[in-house]
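Here's the letter readout for the chains.
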Amino acid sequence: MQLAERAAVIRSKNAGPFVLTIDVFFDDDEGYARAKASPVLTREGVAEVYGVAEHSVTGVHWNDMVRGIKISMLRWKSASDPYCSDIFGAHLHTPLAVCEIG
Amino acid sequence: MSSSTGPRVRILSFVNHAAPGNGHEEAIERAFEWGVDVIVAQGTGSDWGPYWLGSGTQVAANQAANVRAYVRAAVEHDVPFIFSFGIAGADPHLDECLTQFDGLCKAEGWQLEVAVIRSELSKEYLREAVAAGARVTPVIDGVGLVAELGQAEIDATSHVVALIGPEPIMAALGKARNGVITGRALDIGLFMALPMMRGIPTAVAAHAGKLLECGGFALSPNDSSQPIWAEVTMDGFEVRGPNPNYQPTVRSMVGHTFYERSNPFIEENPGGVLDLTEATYTQTEQGVYCAGAKWIETPYQVMLEGARRVGFRAISVLGVRDSFLLGQVRAWSDNIENMIRTSDRFRDAVEGGTLTVQTRIYGLDGVLGELEPNKDVTGHEAAVILDVVAQDRRLAEEAAYFGFMRLFTSPYPGRKTTAGNAAAPFMPVVIPVSDVYEFSVQHLLPLADPITPFPMTVQAFPGWQSVQEEKPRCS
């Protein structure tokens, strides 16, 4: 099953002009557990999915209380770049959203 | 849940650059039934990119109309308000908003006394700070920001603002009868000011600021056009939704601590780090009670933002519906980009860095660009946007016109549509967009004194006039 099908919320946004942050929230424990076990939701996995260098993925954070995941990465084109395609960074979640997490 | 004795501050919050949503007037009344000590609304941010800061122009938000119902309530109930105005929040943006606000006060028949705090630092101040040895370093490495702010960047940047902390606001509260208006400010600082003045710990005040800063966005459903309310006490705070259709849940509260942050638990602020690793959120009868934040003191620094002009953008748009061309649309567009770059006419400008070109193809790679895994158009149509940024408008438009003509008329392999290659929807075919800016300053300025660089003046509304007060020098 794709991440976007299983998650209740999946969203991307700027955290400042140079960093993209992606939040994922699950409504069910099983979906969250599968996400936690998935190799995609690691710094290495995210880098591969987006096609960026691993060091530009600055963190993958977990919050069990709300079944939430936060992935942060340097923007490949920042909001400061004249050729940025998404000033707010609000629509850059799709490479992760279509990943299979079992 | 909350302490029954001790200081208590009840805050009604909304976002002032968004038009208030349905039911906000009833919601304001409801909040005042619970009790309100201060109305706080932020309206600045870097989210809208460097354009506003660089150009000095203001987004077309009617901030006066947005605050009307809230200021009316504040005046009727004799409680202060604290607003940050102007998105980019430098002097011209603040002035524009204050002009509108002045008009609002006149139309409503109010006589207000407000402390105005400007966030823009003068170039003299920055030059002196740097010359005196202040090390002003980027907030983030590896993104092309200069390693240490120097005279060159200060000179090239049009406006530099600081995200002022709660301290200048605390110094201003109580000095003017109706409240405080600032330019660019740290969002949570606006909310921290009154609780801290009443003796509530910084950790609690900052945690409350974080949950309240985007108004109803922290409620369920998320909607920043709705208000939010909290009662802040020594140990924590209870959040409620004044509009019954927008209510806090544990998930909406914690979800908001994620919003626009790179780390969900740790956040650096002027003078300290807010640590929410052990924060607790408990559903109560009327809302959610939040506690458990920690504040770890660090040397005081404010974040600075500044933008500089990089050129002028002109675009041209073409629609492609023919499947044969769609099958080679990226190669076709890349070829035209190369024609522009290698032409006699533009080669020198390209090599000199005063002209850049890109084609964005919606229907193929407009959103993800080079990261798009799909290399072929899978639909039946695409839009090709030729995007030119050059040092001045004349050059940008000339290159865009040249590119349009090449896109529209040049032969490509196997072409059958020899009367014109694509659909041109607009005349003029070249659309001048705007000056283009980049963030030249996103740096941290150490401050021994968080108040003096940001003086307040008490102003009467209506009757306000923009007077350029002399800006503080760096002592």
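As a reminder, the structure under discussion sits directly above these lines.
Residues numbered from 1 in each chain as written. Chains lettered and ligands numbered in written order. Predicted model: local features only at pLDDT ≥ 70, side-chain atom pairs only at ≥ 80, totals over all residues. Heavy atoms only, no water.

1. Describing the interface of chain A and chain B
By a frequent convention, interface size equals the accessible area lost on bringing the separate parts together. Filter applied, for reference: Working rule for contacts: check all heavy atoms of both residues, and any pair within 4.5 Å makes them a contact. A 1.4 Å probe defines the accessible area here, and the buried area is the portion of it lost by two parts on being joined, summed over both. Each salt bridge in this description consists of a side-chain nitrogen of Lys or Arg and a carboxyl oxygen of Asp or Glu lying within 4 Å of one another. Segments assigned H or I by DSSP are reported as helices when at least four residues long, segments assigned E as strands when at least two residues long, and all are numbered from the N terminus. Throughout, the ten residues Ala, Val, Leu, Ile, Met, Phe, Trp, Tyr, Cys and Pro are labelled nonpolar, Asp, Glu, Lys and Arg are labelled charged, and all others, Gly among them, are labelled polar.
The interface of chain A with chain B comprises 40 residues on the first partner and 42 residues on the second. Carbon and sulfur atoms make up 62% of the surface buried where chain A meets chain B, a total of about 3200 Å² over both sides. If you sort the residues of chain A by the area they bury against chain B, A:Phe18, A:Pro82 and A:Tyr83 come out on top, with a joint share of 21%. Summed over the shared surface of chain A and chain B, the number is three salt bridges. Its salt-bridge partner being B:Asp47, residue A:Lys13 comes within 2.9 Å of it at the nearest N-O pair. Those elements that place two or more of their residues in the side of chain A that touches chain B are β1 (9–14), β2 (19–25), β3 (57–63), β4 (68–74) and α4 (94–97) of chain A. Of all the elements, β4(A) adds the most residues to the side of chain A that touches chain B, at five residues. Of the residues in the side of chain A that touches chain B, the class split is 24 nonpolar, 10 polar and six charged.

2. As for the packing of helix α3 (residues 63–77) of chain B against helix α4 (residues 91–108) of chain B
All names here are of chain B. Where we set the bar: An axis is simply a line fitted to the C-alpha atoms; with a helix, the fit covers only the stretch in contact. Between two such axes, the angle follows the N-to-C directions and lies from 0 to 180 degrees. Roughly parallel means an angle under 35 degrees; roughly antiparallel, over 145; roughly perpendicular, 65 to 115; everything else is oblique. The sense of a crossing depends on the near helix, which, turned anticlockwise from the far helix by less than a right angle, makes the crossing left-handed and, turned clockwise, makes it right-handed.
Direction vectors running N to C along α3 and α4 enclose 45 degrees, while the axes themselves pass 9 Å from each other. For the element pair α3 / α4, the angle class is oblique. Between α3 and α4 lies a crossing of right-handed hand. Taking contact as the criterion, the partners of Gln63, Ala64, Val67, Arg68, Val71 and Arg72 in α3 are, on α4, Cys97, Gln100, Phe101, Leu104 and Glu108. A class-by-class count of the residues in the contact of α3 with α4 yields six nonpolar, two polar and three charged.

3. Quick look at the sheet that holds β1(A)
All names here are of chain A. Here is the rule we go by: Between any two strands, at least two bridges found by DSSP are needed for them to pair.
Reading across the sheet, the four strands line up as β1-β2-β4-β3 and stay open at both edges, with antiparallel pairing between neighbours. Since the sheet does not close on itself, it has two edges, and those belong to β1 and β3, each with one partner. Averaged over all neighbouring strand pairs, the angle between strand axes comes to 15 degrees, with direction disregarded. Sheet topology places β3 next to β4; six bridges connect them, and they run antiparallel. Paired with Val57 across the bridge in β4 is Met73. Against the sheet, helix α2 (residues 29–37) contacts β3 and β4, and its axis sits at roughly 150 degrees relative to β3. Contacting β2, β3 and β4, helix α3 (residues 43–50) crosses the sheet at an angle of about 125 degrees to β3.

4. A look at helix α5 (residues 123–131) of chain B
Residues and elements named next belong to chain B. The condition that has to hold: For every residue, the accessible area obtained with a 1.4 Å probe (protein chains only) is divided by the maximum for its type, and the residue is called buried under 20%, exposed over 50%, and partly exposed between those limits. Directions are taken from the helix axis to each C-beta atom, and the arc is the one they span.
Every buried residue belonging to α5 is among Tyr125, Leu126, Ala129 and Val130, and all of these are buried. All buried residues of α5 lie within an arc of 125 degrees about the axis, which places them on one face of the element. Summarising the contacts, the buried residues of α5 are in contact with β5 (120–121), α6 (151–156), β7 (160–162), β16 (301–320) and β19 (431–446). Looking at the residues trailing α5, positive phi occurs at Gly133, about 105 degrees.

5. A closer look at the nonpolar core
Inclusion rule: Side-chain atoms within 4.5 Å link the members of a nonpolar core, which is a set of buried Ala, Val, Leu, Ile, Met, Phe, Trp, Tyr and Cys residues.
Residues B:Phe237, B:Met253, B:Tyr281, B:Leu304 and B:Leu445 are the most contacted members of the largest nonpolar core, which totals 67 residues. Those residues in contact with B:Tyr281 that lie beyond four places of it in its chain are A:Met65, B:His207, B:Leu211, B:Val250, B:Met253, B:Val254, B:Thr257, B:Leu276, B:Val288, B:Tyr289 and B:Cys290.

6. A few points about the sheet that holds strand β15 (residues 294–297) of chain B
Residues and elements named next belong to chain B. Taking strand neighbours across the sheet as the criterion, the three strands line up as β11-β12-β15 in an open arrangement whose pairing is antiparallel. Where the open sheet ends on each side, the last strands, each with one partner, are β11 (266–269) and β15. Averaged over all pairs of adjacent strands, the angle between strand axes in this sheet comes to 25 degrees, irrespective of strand direction. Taken together, the four bridges between strand β12 (residues 272–275) and β15 define a ladder with antiparallel strand orientation. Note that in β15 the partner of Leu274 across the bridge is Trp295.

7. With respect to the side chain of B:Glu372
Residue and element names in this part refer to chain B. Applied cut-off: Only four residue types enter the charge count: Lys and Arg as positive, Asp and Glu as negative, with His and the chain ends excluded.
With respect to the helices, strands and loops of the structure, Glu372 is situated in the loop between β17 (355–362) and β18 (382–390). The buried charged residue Glu372 lacks any salt bridge, with Lys375 as its nearest oppositely charged partner at 7.3 Å. Excluding residues within four positions of it along the chain, Glu372 makes contact with Leu364 and Asp365.

8. A look at the packing of aromatic side chains
Two measures describe an aromatic ring pair: the distance that separates the ring centres and the angle between the ring planes. Residues and elements named next belong to chain B. To keep things clear, this is the line we draw: Ring geometry is summarised as follows: Phe, Tyr and Trp rings, the Trp one being its six-membered ring, pair when their centres sit within 6.5 Å, and such pairs are stacked at plane angles under 30 degrees, edge-to-face over 60 and tilted between the two.
Under the criterion given, the structure shown has 21 aromatic pairs over all chains. Centre to centre, the rings of Tyr51 and Tyr437 are 5.8 Å apart; their planes meet at 70 degrees, and the pair counts as edge-to-face. Here Tyr51 is found in helix α2 (residues 51–55), whereas its partner Tyr437 is found in strand β19, with 386 residues between them in sequence. Exposure remark for Tyr51: the relative accessible area of 28% places this residue in the partly exposed category. Judged by its relative accessible area of 11%, Tyr437 is buried.

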